[in-house]
Amino acid sequence: MTVYRPQKFVLEAGESNVGSMFHRSVPAHPDHTALIDGKRTRSYAELDLISSRLANALIAVGLKPGDRIGLLAKNCLEYVEVELAAAKAGFIVACLNWRLGDLELQHCIRLVEPAVVITQPEFIGLLDRLELPNHERIVIGKDYESFTAKGSPSLPETVVAPEEGLVILYTSGTTGLPKGALISHRAMLARAACFASEFASPIGDNFVAWAPYYHMVSTDLTIALLLRGGSVYIVDGFQPDLLIDILEAVEMRWFVLMPGTVATFIDALTVRQAKPKGLGLVGAMADLIPREDIAAVTRYLGVPFVNTFGSTETGLPPASGSTIPVGVAPTDLSKRQSTFCEIKLLDTEAKEVPIGQPGEVAFRGPTLFSGYWNADETNAKEFRDGWFLMGDVLRRDSNGLLNFVDRVKYLIKSGGENIYPAEIEQVLLKDEWIIESVVVRRKDEKWGEVPVVFIVRGNDKLSEQDVFDRCHRELPSYKRPKAVFFIDKADLPRSTTGKIQRRELEARLR
């Protein structure tokens, strides 16, 4: 049997990267607005010119392909310019979370050993006290502008292969310190295609990048829009009135609302009597949002809620292909498997589980990241036989739909039974008087571990017995919480990304 192997020139012709693809698309719409940051804007031609100048200026001071740029800044035009400059020259941008404490931020910077750190003036003092290794520092403002102006306006001649890294986005680490997930050009291009396919985003679409650029949503979708002739409205964080101004001014396919923002946004919409110009979809991460809030925001905006399930490591896949209808407070959050990916569900012995049984997600596909930076031991553990183990447990039903069960690390083993906290939380969140429920493990002499629940009440009439009664009706005995603790929403310990820190709650129990 003859095995066909493409010749070298055929392989080279099939390769591309984010920087060159952006550059060569600009002549199709040079004067169209690419970025809007308040009163500041960049046309496609201007963004292409500035990013090329910055790339060449960095090359001139000695940066080489593969070198890291630490970027410590809030959402702004310059953030995108730096990412495109890196894409053109083969550098890797480490997107630093300015909300981290000193120890975590120091860890993130030292982990990637940046040759250059680009920052805003307000973070200079923070960087000074972190005792970092020597590096070039560029401050956004006149320093950044004068540095960039020295660079050549031509596209750098650097050859950047699609498997080379583009950005490092940080995720929670099992040791308590963040891990750096390396996203390649290949993965970013595939994420852009997946977004366009899954969400029917038109050419020239608009997008509001208000979520921090150091996370996946704004970085992935900004690049996706810029590769397809769209306009990106940059907003520094969740500012409801400004976001409503934009929604009333331009049409867009998807407006992202993150957990913790929906109720506030509904209030702002109502006060303003807002009338968005044209919207296709709203929301994200429905599992983490009170059901009544989903119904209320979709009812007001008249568009479905996006029932996403992805990660920094995978992009929008593996299961972001379904929506929740307008006005529905869902009791079922089943998800459709995304296109352009493969998944299988595995038991603890790495065997595929049958339909209806929970299993850990093993993932592969072109949107997948390239591994954690400088973490060989972690990579060896979380990649197996060509698949990435996500650490999330899903269950596939007889219709092929997927249901989130929980994170593997949250598993509670009680008297030989496996209990996933999210299964209990989903039952409790059906109650309109419960805003948030968080189930954690508590040591128990008889069963080893038992589940207990912390609840944020929406109505003070909700009693401990009400919670027990609901669990008794809908859960088997071994899954029912053994204690109920009412807590103020402000007292729930959260990470800088808004995730509940369950370990802290478990520590309070001890």
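Preceding this section is the structure that the text describes.
Everything numeric here is computed off the predicted structure, so don't read it as measured data.

This part is about the nonpolar core. Leu226, Trp254 and Phe255 are the most contacted members of the largest nonpolar core, which has 113 residues in total. In terms of residue count, helix H4 (residues 77-89) provides more of this core than any other element does, 9 residues in total. Beyond its immediate stretch of four places on either side in the chain, phenylalanine 255 contacts Val208, Trp210, Leu243, Leu247, Phe265, Leu279, Leu281, Val282 and Gly283. Formed by 19 residues, the second largest nonpolar core is a distinct cluster that contains Leu72, Ile92, Cys108 and Phe123.

Taken in spatial order, the 6 strands line up as S6-S5-S3-S4-S7-S8 in an open sheet, and their pairing is mixed. Two strands bound the open sheet, and with one partner strand each, they are strand S6 (136-139) and strand S8 (179-184). Here the strands of the sheet are splayed against their neighbours by 25 degrees on average, with no regard to which way each runs. In this sheet, strand S7 (residues 165-171) lies alongside strand S4 (residues 92-95) in parallel orientation, the contact comprising 3 bridges. Within S7, the position partnered with alanine 94 by the bridge is isoleucine 168.

To continue, consider the sheet that holds strand S24 (residues 434-444). If you walk across this open sheet you meet the 3 strands as S24-S25-S26, and the pairing is mixed. In this open sheet, the two edge strands, each paired with only one partner strand, are S24 and strand S26 (484-486). Across the sheet, the mean angle separating the axes of adjacent strands is 25 degrees when strand polarity is ignored. Taken together, the 10 bridges between S24 and strand S25 (residues 448-457) define a ladder with antiparallel strand orientation. Directly across from aspartate 444, in S25, lies its bridge partner glycine 448. Contacts from helix H14 (residues 421-428) reach S24 and S25 within the one sheet, and its direction differs from that of S24 by about 145 degrees.

Parameters at a glance
Residues numbered from 1 in each chain as written. Predicted model: local features only at pLDDT ≥ 70, side-chain atom pairs only at ≥ 80, totals over all residues. Heavy atoms only, no water. Core = buried A, V, L, I, M, F, W, Y, C linked by side-chain atoms within 4.5 Å. Buried < 20%, exposed > 50% of the residue type's maximum accessible area, 1.4 Å probe, protein only. Helix = DSSP H or I, 4+ residues; strand = E, 2+ residues; numbered from the N terminus. Contact = heavy atoms within 4.5 Å. Pairing = 2+ DSSP bridges. Axes fitted to C-alpha atoms, helices over the stretch in contact; angles between N-to-C directions.

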